[in-house]
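Observations on the three-dimensional arrangement
The primary structure of each chain is shown beneath.
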Amino acid sequence: VQLQASGGGLVQAGGSLRLSCAASARTFSSYTLAWFRQAPGKEREFVAAIRWSGGSTYYLDSLKGRFTISKGNAENTVYLQMNSLKPEDTAVYYCAADPYSNGRYSYTGAYSYWGRGTQVTVSS
């Protein structure tokens, strides 16, 4: 499975960005796809996840209401809409895939596949 993240960039505080993660696989029906982020000097942090079958979503509590994860209907793409961005959202954002949806959606070790990351920088 290959994951290609895009959509990062430089934005002012209060602005919005939409990240995309294009995924290649024969079928995603059993997958959970997720976004993580890693700021300089910090550990990789869970952001949001979505189960491909059924569409259940999960979020880091502190991001609920600002970030929205969704999946494309026709294509194997997952989106992360980020609104009201803050400087502390600055990080490299990674998409990840768990082929088995084992339920540990916020745990980096649950994900077998990772994209290369896209940089998000929020200026104050």
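The preceding data block contains the structure.
Overview of the structure. Within every chain, residues take consecutive numbers counted from 1 along the sequence as written. Only residues with pLDDT of at least 70 are given local features in this predicted model, and only at 80 or more are side-chain atom pairs given and counted; all residues enter the totals for whole chains, interfaces and linings. In computing side-chain properties, one takes all heavy atoms of the structure into account and sets aside hydrogens as well as water.

Before going further, it helps to examine the environment of Thr77. By the element assignment, Thr77 lies in strand E8 (residues 77–82). Each residue touching Thr77, except ones within four places of it in the same chain, is listed here: Ser20, Cys21, Ala22, Trp52, Ser70, Lys71 and Gly72. Secondary structure elements are defined from DSSP: runs of H or I of at least 4 residues count as helices, runs of E of at least 2 residues count as strands, and each element is numbered from the N terminus. We call two residues in contact whenever any of their non-hydrogen atoms come within 4.5 Å of each other.

Its location among the elements puts Val47 in strand E5 (residues 45–51). For the pair Val47 and Asn83, spaced 36 residues apart in the sequence, the C-alpha separation amounts to 13 Å. Setting aside chain neighbours within four positions, we find Val47 in contact with Trp35, Phe36, Arg37, Tyr58, Tyr59, Leu60, Leu63, Phe67, Leu80 and Tyr93.

Attention now moves to unusual backbone geometry. Working note: non-glycine residues mostly have negative phi, and peptide bonds are mostly trans. A positive phi angle, close to 50°, is found at Ser84, a residue other than glycine. For Ser84, the position within the fold is in the loop between E8 and strand E9 (91–98). Its identity is not glycine, yet Ser101 carries a phi of approximately 45°, on the positive side. For Ser101, the location among the structural elements is in the loop between E9 and strand E10 (113–114). On the basis of relative accessible area, Ser101 is assigned to the buried category, the value being 10%. When a residue's accessible area, from a 1.4 Å probe over protein chains only, is under 20% of the maximum for its type it is buried; when over 50% it is exposed; and in between it is partly exposed.

Moving on to the packing of aromatic side chains. What counts as a ring pair is set by centres within 6.5 Å for rings of Phe, Tyr and Trp (its six-membered ring), and what kind of pair is set by the plane angle: stacked under 30 degrees, edge-to-face over 60, tilted for all other angles. Across all of its chains, the model carries eight aromatic pairs by this definition. Ring centres of Phe36 and Phe46 lie 5.6 Å apart, and the angle between their planes is 75°; on these two criteria the pair is classed as edge-to-face. Here Phe46 lies in strand E5 and Phe36 lies in strand E4 (residues 32–38), a separation of 10 residues in the sequence. Using a relative accessible area of 8% as the deciding quantity, one classes Phe46 as buried. Clustering of aromatic rings is evident, with ring pairs tying together Phe36, Phe46, Tyr58, Tyr105, Tyr111 and Trp114. Lysine NZ or arginine CZ positioned within 6 Å of the ring centre and within 35 degrees of the ring normal marks a charge as sitting over the ring. Against the face of Tyr79 rests Arg18, its NZ or CZ located 4.1 Å from the ring centre.

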